[in-house]
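Structure assessment
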Amino acid sequence: MYRYDEFDERFVRERVAQFRDQVQRRIDGALTEEEFRPLRLQNGLYLQLHAYMLRIAVPYGVLSSRQLRALATIADRYDRGYGHFTTRQNLQFNWPKLRDAPDILELLADVQMHTIQTSGNCIRNTTADQFAGVAADEIEDPRPVAELIRQWSSLHPEFAFLPRKFKIAVNGATEDRAVLKAHDVAVRIIRHAETGETGYQILAGGGLGRTPMIGKIVVDFAPKGHLLSHLEAVMRVYNAQGRRDNKYKARIKILVHEIGLPEFKARIAAELEAEGPSFRQEEVDELARIATFFARKEYETLAPHSRPYERARAANRDFAQWADTALFAHKADGYAIVTVSLKPIGGPPGDMTSDQMRAFADLADRYSLGELRVSHAQNLVLPHVKKDDLFALWRALGEHGLSTANVGLITDIIACPGLDYCALATARSIPIAQAIAQRFADPARQHDIGPLNIKISGCINACGHHHVGHIGILGLEKSGRESYQITLGGDASWNAAIGELLGPGLTADETPAAIERLVDFYLAHRLSGETFIETVKRLGAGAFKGAFAGVSRHEAA
Amino acid sequence: MTAASLPPPPAILIANDLLDGDVVFRKSDGWTRDPRAAFIAYTSDETQALALVAREAEARREVVEASIVDVDIRDGAPAPRHFRERFKTLGPSVRPDLGKQAQFPDYARAAGA
């Protein structure tokens with residue numbers, strides 16, 4: 001993992017001291033709420049429905065066991081004993097007090113964590129593939145690039161007041177696990193088609209929210225040493241030309257859409273031209289320095305196949321079912337990447353108690369070299385588990401309610417906090433996720449249905465990524481009631497697609513049955529081996545509308 | 001909050017405590033965590049008076065996000081008519097162990113959806 005140098009340490013500590021002073025001045029009356037709000041937001045402190053909310057950055061989703069224990073301590077000492085992992089790989093506490101916020105930041109600084117740039121119109125926490133550095137399908141570890149971007153974008157004076165918030169994702173594998181095309185800017189580490197050289201493809205103009213757009217490739221290939229100059233060119237075009245007259249049209253996706261891809265690319269080229277040579281030796285040097293922190297772990301030399309694992313699989317059906325969903329191929333022989341579901345049937349997606357955090361930290365120490373990851377799907381990952389240990393790990397996870405065998409299945413639902421917590425929400429998200437999970441609780445049925453992503457947002461801002469869910473659910477208010485729009489055919493992968501609206505909104509009670517009708521239609525029409533999204537793409541969303549219409553009675557009547 | 005934007009009575013004044021963030025209700029003098037003790041404005045004059053109280057309390061740094069909310073009276077207690085404010089008054093619907101609903105179960109039974 002990356003370790004703070006003296007500069008990082010001083011920077012974070014100074015920020016804590018500044019915020020402590022700002023909070024005191026707010027309490028004393030020197031600052032009005034209007035003056036204080038942007039200051040607290042720059043430190044991740046929101047005011048939500050029932051309380052303040054603190055959003056803590058988990059840079060590119062990487063955490064140590066020590067950091068997770070510190071989060072558990074904060075949950076117990078300053079919150080209500082739990083936290084919520086978000087679709088931006090961050091952690092949110094739902095009940096902190098303003099007067100305690102500086103002390104919480106101090107505890108975070110003790111474990112090299114912070115809340116800087118988790119809000120506001122700046123470059124937010126950079127997200128990445130949760131399997132970074134360990135996935136068998138990886139071209140190059142994206143974490144050094146993500147860390148480089150974090151350092152470059154932290155308090156970058158030129159980009160501190162962008163037209164709107166700005167989200168960057170990085171992926172270094174052949175499979176896109178970071179939802180690249182839904183980001184303002186995405187960096188994809190690729191091999192040059194002719195030379196085989198590793199470099200960067202840059203996408204821009206993606207985003208969800210009220211105007212969902214799929215990101216487009218704006219730089220085909222930037223060689224190493226040319227990344228930051230290209231990113232700066234993109235940012236400068238956006239910063240100068242992105243709209244500031246209308247909050248809802250201020251994201252980079254609107255600029256790219258309005259002027260068109262060729263013109264946007266031309267403006268990047270002009271910006272690069274004006275700046276002179278785009279190669280920077282210091283970028284190469286800094287990336288090399290950062291990369292030493294992410295050097296390949298000292299794995300044991302193991303056989304690719306593990307007999308204890310195979311025996312346990314054969315002997316225990318529940319374990320085999322869990323392993324079928326939880327495991328991903330590791331770079332190192334004899335190791336596996338384990339995704340741990342934070343989606344127990346009937347539980348709020350992404351929530352974790354302080355007891356679970358501590359237990360998980362212990363398991364990370366025992367089985368995964370003290371390291372864990374947060375995925376954008378609101379699950380956790382143990383990245384370095386010996387296959388020989390999988391059965392023992394599974395049993396230990398089960399003791400803490402963490403062995404739900406549903407990763408990637410229909411009950412592994414992404415849901416934003418919705419109106420149960422969020423002041424912006426127009427409807428609740430979590431109870432919809434719970435009701436759907438309960439309807440599909442039967443593990444055999446889930447496995448029969450196979451890979452299916454349901455994503456739920458409680459408002460048009462789309463924190464729950466509903467646009468790119470195979471089935472998306474958007475909670476709105478209609479005539480003083482919560483109403484849920486269902487979309488079909490969204491895709492968060494490299495084949496990204498925005499889901500198609502199936503019909504008028506449903507009540508909360510009607511929604512699970514509507515989802516079931518869509519799933520039943522899929523089961524009746526799928527070809528052998530065809531996944532849900534493949535069937536949707538083959539038949540078109542329109543083919544599912546008849547099944548959907550059967551339950552949209554209250555609106556149709 | 002202009003008079004024109006004020007909801008019709010009966011209405012109450014709710015806000016978040018500046019220091020704690022906790023949801024608080026205006027009573028006849030000061031603030032309370034107990035929604036049953038909220039002062040209920042039954043006339044538009046009383047609602048306007050509450051709006052003045054809201055502005056002053058924000059200026060005195062007692063509360064933030066002060067707003068006047070129209071309510072139904074259920075078992076003598078004020079229940080916000082809109083589901084958003086009802087959740088704000090009760091707590092997260094998915095965590096009945098947290099928020100006012102846990103603290104004041106009688107109120108939650110009366111005011112719940």
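1. Details of the overall build of chain B
Check the secondary structure of chain B and you find four helices and five strands. N-terminal to C-terminal, the α/β element order of chain B is β-β-β-α-β-β-α-α-α. Relative to a compact globule of 113 residues, whose C-alpha radius of gyration would be 13 Å, chain B shows 13 Å and is just as compact. Structurally, chain B occupies a C-alpha span of about 35 × 30 × 20 Å along its principal axes. Counting the 113 residues in chain B, one finds 42% classified as buried. Of all intrachain contacts in chain B linking residues separated by at least 6 positions in sequence, the fraction that spans at least 24 positions is 58%.

2. Topic: the overall build of chain A
The number of helices and strands found in chain A is 19 helices and 20 strands. For the C-alpha atoms alone, the extent of chain A along its principal axes is close to 60 × 60 × 60 Å. When the 557 residues of chain A are sorted by exposure, 53% land in the buried category. Taking all contacts inside chain A whose residues are at least 6 apart in sequence as the whole, residues at least 24 apart take part in 68%.

3. Observations regarding the sheet that holds strand β12 (residues 335-340) of chain A
As a general point, the strands of a sheet are linked pairwise by backbone hydrogen bonds and lie either parallel or antiparallel. All names here are of chain A. An order of β3-β14-β15-β12-β11 is seen for the five strands of this open sheet, with the pairing classed as antiparallel. Looking along the sheet, the strands with just one partner apiece sit at the ends: β3 (62-64) and β11 (327-329). Across this sheet, the average inter-strand angle for adjacent strands is 35 degrees, counted without regard to direction. Pairing analysis gives three bridges linking β3 to strand β14 (residues 371-374), with the strands arranged antiparallel. Directly across from Val62, in β14, lies its bridge partner Arg373.

4. Some points on the interface of chain B and chain A
Of the residues lining the interface, 22 residues belong to chain B; the matching set on chain A comes to 22 residues. Of all the secondary-structure elements, those providing two or more residues to the side of chain B that touches chain A are β4 (63-74) and α2 (83-90) of chain B. Sort the elements by how many residues they give to the side of chain B that touches chain A and α2 of chain B lands first, with four residues. Across the side of chain B that touches chain A, the residue classes tally to nine nonpolar, six polar and seven charged.

5. Some words on the sheet that holds strand β2 (residues 23-26) of chain B
All names here are of chain B. Taken in spatial order, the five strands of this open sheet run β3-β2-β1-β4-β5, and their pairing is antiparallel. Looking at the sheet topology across the chains shown, the edges are occupied by β3 (31-32) and β5 (77-80). Where β4 and β5 come together, four bridges link them in antiparallel fashion. Counterpart to Val71 in the pairing with β5 is Pro80. Most of the contacts of helix α1 (residues 44-59) go to β4, to which it runs at about 155 degrees, and overall it touches β1 (11-17), β2 and β4. Taken strand by strand, α2 contacts β1, β2, β4 and β5, and its axis lies near 130 degrees from that of β5.

6. Thoughts on the nonpolar core
Residue and element names in this part refer to chain A. With 194 residues, the main nonpolar core has Ile202, Val234, Val338, Phe360, Ile486 and Leu518 as its most contacted residues. A per-element tally of this core places helix α6 (residues 227-241) first, with eight residues. Setting aside chain neighbours within four positions, we find Ile202 in contact with Val185, Val187, Val218, Val219, Ala222, His230 and Val234.

7. Let's talk about the domain arrangement of chain A
All names here are of chain A. If you check the domain split of chain A, you get domain 1 (6-110), domain 2 (142-293), domain 3 (307-399) and domain 4 (414-556). Opposite the nine residues of domain 2 that make contact, domain 4 presents 11 residues. Within the side of domain 2 that touches domain 4, the residues separate by chemical class into five nonpolar, one polar and three charged.

8. Observations concerning the environment of Lys181 of chain A
Residues and elements named next belong to chain A. By the secondary structure assignment, Lys181 is in the loop between β7 (168-171) and β8 (185-191). Judged by the 27 C-beta atoms lying within 10 Å of it, Lys181 is buried. C-alpha separation for the pair Lys181 and Ala496, spaced 315 residues apart in sequence, amounts to 6.5 Å. Beyond its immediate sequence surroundings of up to four residues, Lys181 is in contact with Ala186, Leu203, Gly206, Ile214, Gly215 and Ala496.

9. Describing unusual backbone geometry
Here the bond from Pro9 of chain B into Pro10 of chain B is cis, since omega is 0 degrees, no more than 30 degrees from zero. Within the secondary structure, Pro10 of chain B sits in the segment before β1. Its identity as a non-glycine residue notwithstanding, Val179 of chain A has a phi of 50 degrees, on the positive side. Structurally, the position occupied by Val179 of chain A is in the loop between β7 and β8. Under the C-beta neighbour-count criterion, Val179 of chain A is labelled buried, with 25 such atoms within 10 Å. Of note, the phi angle at Asp75 of chain B is positive, near 50 degrees, even though the residue is not glycine.

10. Some thoughts on helix α8 (residues 261-275) of chain A
Residues and elements named next belong to chain A. If you check α8, its first and last C-alpha atoms are 21 Å apart, about what 15 residues at 1.5 Å a residue would give, namely 21 Å. Among all positions of α8, only Phe264, Lys265, Arg267, Ile268 and Leu272 are buried. Down the axis of α8, the buried side of the element spans an arc of 160 degrees, and every buried residue falls inside it. Exposed residues lying more than 90 degrees from the buried face of α8 are Pro262, Ala270, Glu273 and Ala274. Structurally, α8 contributes buried residues whose contacts are with β10 (216-223), α6 and α7 (252-259). Just past α8, the residue Gly276 takes up positive phi, approximately 85 degrees.

11. A short note on the environment of Val234 of chain A
Residues and elements named next belong to chain A. For Val234, the location among the structural elements is in helix α6. For Val234, a count of 26 C-beta atoms within 10 Å gives the class buried. Residues Val234 and Phe264, spaced 30 residues apart in sequence, show a C-alpha to C-alpha distance of 8.7 Å. When residues no more than four places from it in sequence are discounted, the contact partners of Val234 are Val185, Ile202, Ala204, Val218 and Ile268.

12. Let's talk about the pairing of strand β2 (residues 52-56) of chain A
All names here are of chain A. Counted residue by residue, β2 has five buried out of five residues, so it is predominantly covered. Here β2 shows no split at all, with Tyr52, Leu54 and Ile56 on one side and Met53 and Arg55 on the other all buried. For strand β1 (residues 45-47) and β2, the ladder comprises three bridges, and the chain directions are antiparallel. In the strand pairing of β2, Leu45 is matched with Leu54. Counting the residues in the hairpin turn of β1 and β2 gives four residues.

13. Overview of the confidence of the model for chain A
In this model, chain A carries an average pLDDT of 96, and 99% of its residues clear a pLDDT of 70 or more. Within the model, the stretch residues 552-557 of chain A combines pLDDT values under 50 with eight contacts to residues more than four positions away or in other chains.

14. Concerning the packing of helix α3 (residues 65-78) of chain A against helix α4 (residues 101-110) of chain A
All names here are of chain A. The contact between α3 and α4 brings their axes to 10 Å, and the two run at 165 degrees. In terms of orientation, α3 lies roughly antiparallel with respect to α4. The chirality of how α3 crosses α4 is right-handed. Contacts between α3 and α4 involve Ala70, Thr73, Ile74 and Tyr78 from the former and Ile104, Leu107, Leu108 and Asp110 from the latter. Classifying every residue of the contact of α3 with α4 gives six nonpolar, one polar and one charged.

Conventions we followed
- Residues numbered from 1 in each chain as written.
- Chains lettered and ligands numbered in written order.
- Predicted model: local features only at pLDDT ≥ 70, side-chain atom pairs only at ≥ 80, totals over all residues.
- Helix = DSSP H or I, 4+ residues; strand = E, 2+ residues; numbered from the N terminus.
- Rg over C-alpha atoms; globule rule 2.2 N^0.38 Å.
- Buried ≥ 20, exposed ≤ 12 C-beta atoms within 10 Å, placed from the backbone.
- Contact = placed C-beta atoms within 7 Å.
- Pairing = 2+ DSSP bridges.
- Axes fitted to C-alpha atoms, helices over the stretch in contact; angles between N-to-C directions.
- Nonpolar A, V, L, I, M, F, W, Y, C, P; charged D, E, K, R; others polar.
- Core = buried A, V, L, I, M, F, W, Y, C linked by C-beta atoms within 7 Å.
- Domains from an automatic or database assignment.
- Expected span 1.5 Å × (residues − 1).
- Arc of directions from axis to C-beta.
- pLDDT = per-residue confidence, 0-100.
- Parallel < 35°, antiparallel > 145°, perpendicular 65-115°, else oblique.
- Left-handed = near helix turned anticlockwise from the far one by under 90°.

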